[in-house]
Amino acid sequence: MLPRGLPQPWGRLCRWSNPFVQFLALTVVTFGVLAPLICQQFLYSYFYMRRWYLRPMSQESLKQSQEDGLSALRYFERLRTPNTSERLSGDAHHPWLLITIITVQRHPEFHYVLQVASRFHRLLQECGPPCRRHQILLCNVEMDPDSHWDAKLLSNFMATVDHYRGREKTEFSLNQFEKEKRDYTYCLEKSLQAYDPEYVLLVEDDAVPEEEIFPVLHHLLQVRFSKEYLQDALYVKLYHPERLQRYINPEPMRILEWLGVGMFLGPLLGFIYAWISSRSSLSWPVILFFALYSMLLVELVGRHYFLELRRLAPPLCSIMPVTECCTPAMLFSASSARRALGYLKELHCRPGFAKDTALYSLLRTKGERAFVVEPNLVRHVGMFSSLRTNGSPELL
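One structure accompanies this document, and this report is about it. (Residues numbered from 1 in each chain as written. Predicted model: local features only at pLDDT ≥ 70, side-chain atom pairs only at ≥ 80, totals over all residues. Heavy atoms only, no water.)

Okay, the environment of Pro 375 next. Within the fold, Pro 375 resides in the loop between β9 (369-374) and β10 (378-380). Considering only alpha carbons, one finds Pro 375 and Cys 317, 58 residues apart in sequence, at a separation of 6.5 Å. With near-sequence residues (within four places) excluded, Pro 375 lies in contact with Leu 307, Glu 308, Arg 310, Arg 311 and Cys 317. (Helix = DSSP H or I, 4+ residues; strand = E, 2+ residues; numbered from the N terminus. Contact = heavy atoms within 4.5 Å.)

Okay, helix α3 (residues 50-78) next. Between its first and last C-alpha atoms α3 spans 40 Å; for 29 residues at 1.5 Å apiece the expected length is 42 Å, and the two agree. Residues Tyr 53, Leu 54, Ser 58, Leu 62, Ser 65, Gly 69, Ala 72, Leu 73, Tyr 75 and Phe 76 constitute the buried set of α3. On its buried side, α3 packs onto α5 (112-127) and α6 (149-154). (Expected span 1.5 Å × (residues − 1). Buried < 20%, exposed > 50% of the residue type's maximum accessible area, 1.4 Å probe, protein only.)

With that settled, the discussion passes to the pairing of strand β1 (residues 97-103). Burial analysis of β1 places seven of its seven residues in the buried class, which makes it a mostly covered element. Here β1 shows no split at all, with Leu 97, Ile 99, Ile 101 and Thr 103 on one side and Leu 98, Thr 100 and Ile 102 on the other all buried. As a crossover connection, the stretch from β1 through α5 into strand β2 (residues 134-140) is right-handed. When β1 meets strand β4 (residues 199-204), the two strands line up parallel, connected through six bridges. Within β4, the position partnered with Ile 101 by the bridge is Val 203. (Right-handed = clockwise from strand over helix to strand, strands pointing away. Pairing = 2+ DSSP bridges.)

Taking strand neighbours across the sheet as the criterion, the eight strands line up as β3-β2-β1-β4-β8-β6-β9-β7 in an open arrangement whose pairing is mixed. Of all strands in the sheet, those with a lone pairing partner are β3 (159-162) and β7 (318-321), marking the two edges. Adjacent strand axes in the sheet meet at a mean angle of 25 degrees, parallel and antiparallel pairs treated alike. As defined by bridge partners, β2 adjoins β3 across four bridges and the pair is classed as parallel. (Axes fitted to C-alpha atoms, helices over the stretch in contact; angles between N-to-C directions.)

Right, let's talk about the pattern of salt bridges for a bit. For the structure shown, the criterion picks out 23 salt bridges. For Asp 162, the salt bridge is made with Arg 165, and the minimal N-O distance between the two is 2.9 Å. For Asp 162, a relative accessible area of 21% translates into the label partly exposed. Here Glu 180 makes a salt bridge to Lys 355, at a shortest N to O gap of 3.1 Å. Residue Glu 180 is located in helix α7 (residues 176-195), and its partner Lys 355 is located in helix α14 (residues 355-365); the two are separated by 175 residues in the primary sequence. Counted as one network, the salt bridges with shared partners bring together Arg 119, Arg 122, Glu 126 and Glu 211. (Salt bridge = Lys/Arg side-chain N within 4 Å of Asp/Glu carboxyl O.)

So, about the packing of aromatic side chains. By the definition in use, this model includes 19 aromatic pairs. Taken together, the aromatic side chains of Phe 23, Phe 31, Tyr 273, Phe 289, Phe 290 and Tyr 293 make up a single cluster linked through ring pairs. Between Arg 246 and the ring centre of Tyr 46, over which it is positioned, the NZ or CZ distance is 4.1 Å. Arg 303 extends its terminal NZ or CZ atom over the ring of Tyr 247, reaching a point 5.2 Å from the ring centre. (Phe/Tyr/Trp six-rings, centres within 6.5 Å; stacked < 30°, edge-to-face > 60°. Lys NZ or Arg CZ within 6 Å of the ring centre and 35° of its normal.)

Here we take up helix α13 (residues 334-345). With twelve residues, α13 ought to run about 16 Å at 1.5 Å a step, and its terminal C-alpha atoms sit 17 Å apart, in line with that. Those residues of α13 that sit buried are Ala 334, Ser 336, Ala 337, Ala 340, Leu 341, Tyr 343 and Leu 344.

Further remarks concern the side chain of Gln 40. Tracing the sequence through the fold places Gln 40 in the loop between α2 (19-39) and α3. For Gln 40, a relative accessible area of 18% corresponds to the buried category. Separated by 3.2 Å, the side chain of Gln 40 and the backbone oxygen of Leu 37 make a polar contact. If we skip the residues at most four places from it in the chain, Gln 40 touches Ala 35, Phe 47, Tyr 48, Met 49, Trp 52 and Tyr 53. (Polar contact = N/O pair within 3.5 Å; in protein donor to acceptor, adjacent residues only side chain to side chain.)

Inspection of every chain in the model, using the stated rule, returns three disulfides. Between the sulfur of Cys 139 and that of Cys 187 lies a disulfide, 2.0 Å long from S to S. With the S-S dihedral at roughly -80 degrees, the linkage between Cys 139 and Cys 187 falls on the left-handed side. Placement of the pair is Cys 139 in strand β2 and Cys 187 in helix α7, with a sequence separation of 48 residues. A relative accessible area of 0% means that Cys 187 is categorised as buried. For the protein chain, the bonded cysteines pair up as 1-2, 3-4, 5-6 when numbered in the order they occur along the sequence. (Disulfide = S-S within 2.5 Å.)

Written as structure tokens, this is what we have:
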């Protein structure tokens, strides 16, 4: 009941039946109460309570990674060692897809490379005939190859190459960024020389594949891309940091997707509102409100979490123009890999110009194109960089 002295226009404005009052209440309840309560532990949400949860979540992630590493170690300890003919069976020397895992010794208690290799090994076993022409190659770029115990274990189960075995250690004088680039080009070049694959998936040793990686890759390479179109692309990224997947970011290609969210959800929520409120017609201001409301909700809750819905089926995964960071998992066709090798050998990496920046710079200087798959097809589990010292790692 309105106060007796309230002017008539204000009385009409403040009635609950007024859409303005309803929309104001919905906005306050959603963004002031419900979303902050529900999303306070969502790592990639604007509502994430970093001060409260970042440290304990980081410690829990390290603990879980250590447990996963021990599980991966037990996986290979239980696995029967194949003989040479079993390891090289099928189309071993001309696979359709060669998965090359680049590894270096770091924090052995986490067994990062075992986590990656065990997941790929299991997924290939479960995949069956569609993955018959897939192979795994381990590329050990540790300066002292024999000190990398996990790589030595894996050499019993998969083909392995050692970058620095029997070589002079002149690379000790290189800066770490240039060494990483040279290791990367060595593994890519060795993949082409030793196996002559149609495609190379270059994976770093802390990028654990998602369960759906092979169905999605098969769909993308066989359906979404024609072979000529993929070969025209320099590379396809399978990972982009979740914290950089927001709409409000220096990557304008996502703005169209964001507008599409509003154009789809605006009328949909508007029709639901009209049905609930028993309104006979739907006005443009109502559609506009719900379009802006839904766009703001998706951005603040976190685009990353809505991208996860695309995992329901391979055709739902999207292909977008590539962004700069980072290189945990990169897909090359044979021809594009040779072009990338030629380009990278001309460049010198240094602090501020790492190999991911070098690859991205080629799109502008060489007129190349590249793409990124969303959602990510690998999880970046490593919290310790091989380039930078980090004694207290955190998830963000």
